[in-house]
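Each chain, written out:
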Amino acid sequence: MKKLATLFTLLVLCLGILPTAQAQYSVDNKKAVKEFEKGQQLLATDAPKAFTHFRKALKEEPAFAEVRLTMATWYLDHDSLAQAQREYEAFLKHDRGRHKRWEATARHDLECIAFRRKAKANPVPFRPENLGPAVNSPDDEYMPTLSADGQLLLFTRYNRARKAEDFWYSRRTDEGTWGKAERMPAPVNSDQNEGSGCLSQDGRMLYFTACGRNDGAGRCDLYISYRKEKGWSRPQNLGPAVNSGSWESQPCLSIDGQTLYFVSDRKGGQGGLDIWRSTLVEGVWSTPVNLGPTINTPGNEKCPFISFDNQKLFFSSDGHIGMGDMDLFVAERIGDTSWGTPRNLGYPINTSGDESSLIVSPDGRTALFSSDKFGGQGQIDLYAFDLPESLRPKPVEYKEEITELAPTFEVGESITLRNVFFRTGKYDLMDISIVELDKVVEMMKSHPAMRIELGGHTDNVGGDAMNQKLSENRAKAVYDYLVAHGVEASRLTYKGYGSSQPVADNRTPEGRRQNRRTVFTIVEK
């Protein structure tokens, strides 16, 4: 019935309802209008009687568009495909292009009818398994996300008593099952709504949605929290570069941490809800870019998930041709920023209802999603199933670069800290640098005999003396952070090199970006 309600909203918006009953319909036959309105009142409780009134209305006015579309949509929602097709075709025959948006809807649904028949005749393998009472509850669980090693499951739970969303998490046990879920503590969870999150590759950054906060720009905004030794940091709004006065939600971070995908209804999109992306440039998120008409449609797209191999984008849509309302799709990456034509995941993964919030584990095989169709612990539960082979991303094995490679480092070897950032001309560490620096802290604590030099480097913009001083201050800022977090000062030195040791061409923006860097060099193991 949700689709039917959406259609009536569309009809109202297209026509621009006036106060009188005559003006709000495509015909002015009072008798036909009266029969239609009687049918509308009965449709939810007594469909056969409602259709009797609809047919009387059509007998008076065969071109009564609203009646044809109401009947067609009801048939489609109830999987009566032949009847739905008949009514849509009758509408197109009688309407003769008078209502362009309704015509587009009818033609779209006719394509969906053809797709539904073909998909049902060629089902894909699908055996969903409930994640069980350790994760699911009598409340609603949805929007799952996994750590890159596949050992931590984070999800949103809607508490019906409190009427609020919070984060909960579960860790994988030694037996391979999910342990008892626990509520994430403050300050990430609050007495308001938090949910729909994603973790960075190393699990040290959480991007998520929060609504109604005092520092919010719109109805819902995107936030970030950093995992520290004593828990998670106070969430920070991602700011005006990402958040607008509209609705931002459902973030998904690429495995390299450089691209943030999210959903918004901001201006400049293709339809209602669209998928957007923002790129991390020297620690700052760029102005979001719409993914364009290949992915986004005049309808709604939501729940983006970028696979751990960074090559497949899974999402939900009611605008692409599919089984029903919201279907699950996947698109293959083409180049750095483009995507191929989305592919429907097929039946019975998709049905005539809503399917959404699907993710795929690092093994490329196991998919997790939320559904209310299979019984379970509550109304909406989390499920897992084996993704059909043709839809699987490549498997990815997670390794934490610095701590894993540290034993192989040799004296004199230099390693660039690629995720340590400063604002232009400044030497204050940006918050996003914490994750990288905490890895260095762990490395130093794991290898107590190691001594390193911290080197600061700049591009050639500005004078030599200024760059020398800036590079030295930046190296000292890193030194101060490491000492403040437990690394003995005797094991560290720092030095500024200014622009004297470029690794790329300073004549290009990309070259200058590479030259602005922080490096540590092994002095002793």
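Refer to the preceding data block for the structure.
Analysis parameters
- Residues numbered from 1 in each chain as written.
- Predicted model: local features only at pLDDT ≥ 70, side-chain atom pairs only at ≥ 80, totals over all residues.
- Heavy atoms only, no water.
- Disulfide = S-S within 2.5 Å.
- Core = buried A, V, L, I, M, F, W, Y, C linked by side-chain atoms within 4.5 Å.
- Buried < 20%, exposed > 50% of the residue type's maximum accessible area, 1.4 Å probe, protein only.
- Helix = DSSP H or I, 4+ residues; strand = E, 2+ residues; numbered from the N terminus.
- Contact = heavy atoms within 4.5 Å.
- Pairing = 2+ DSSP bridges.
- Polar contact = N/O pair within 3.5 Å; in protein donor to acceptor, adjacent residues only side chain to side chain.
- Axes fitted to C-alpha atoms, helices over the stretch in contact; angles between N-to-C directions.

Draft legend 1. The arrangement of the state of the cysteines in detail. Applying the stated criterion across every chain yields a total of one disulfide. Of the cysteine sulfurs around C198, a residue in no disulfide, the closest is that of C252, at 5.7 Å. With no disulfide of its own, C303 lies closest to C252 among cysteine sulfurs, the gap being 11 Å.

Draft legend 2. Spatial organisation of the nonpolar core. Membership of the largest hydrophobic core comes to 45 residues, with the highest contact counts inside it found for L153 and L358. Sorting the residues of this core by element identifies β3 (152-159), β12 (259-264), β16 (301-306), β17 (312-317), β18 (327-334), β21 (356-360), β22 (366-371) and β23 (381-386) as the ones contributing at least two each. Beyond its immediate sequence surroundings of up to four residues, L358 is in contact with F305, F314, L328, L345, A367, L368, F369 and F385. With 30 residues, the next largest nonpolar core counts F51, F64, Y88 and F91 among its residues.

Draft legend 3. Focus on the pairing of strand β7 (residues 205-211). Most of β7 is tucked away: six of the seven residues are buried. Two strands pair when backbone bridges link them, and strand β6 (residues 193-199) and β7 are joined in this way by five bridges, in the antiparallel orientation. Note that in β7 the partner of C198 across the bridge is Y207. If you look at the hairpin formed by β6 and β7, you'll find five residues sitting between the two strands, and G203 has a positive phi there, around 75°. Relative to strand β8 (residues 220-228), β7 is paired through seven bridges, and the arrangement is antiparallel.

Draft legend 4. Layout of the environment of Y481. With respect to the helices and strands, the residue Y481 is situated in helix α9 (residues 464-484). Its relative accessible area of 14% is what places Y481 among the buried residues. For the pair Y481 and V441, spaced 40 residues apart in the sequence, the C-alpha separation amounts to 9.1 Å. Looking at Y481, its side chain comes within polar contact range of the side chain of D438, at 2.7 Å.

Draft legend 5. How the structure looks around the sheet that holds strand β25 (residues 451-457). Strand order in this open sheet of four strands is β24-β27-β25-β26, and the pairing throughout is mixed. At either margin of the open sheet sits one strand with a lone partner, and together these are β24 (414-417) and β26 (492-496). Going from strand to strand, the sheet's axes swing by 25° on average, the running direction of each strand aside. Pairing of β25 with strand β27 (residues 517-524) involves seven bridges; the strand directions are antiparallel.

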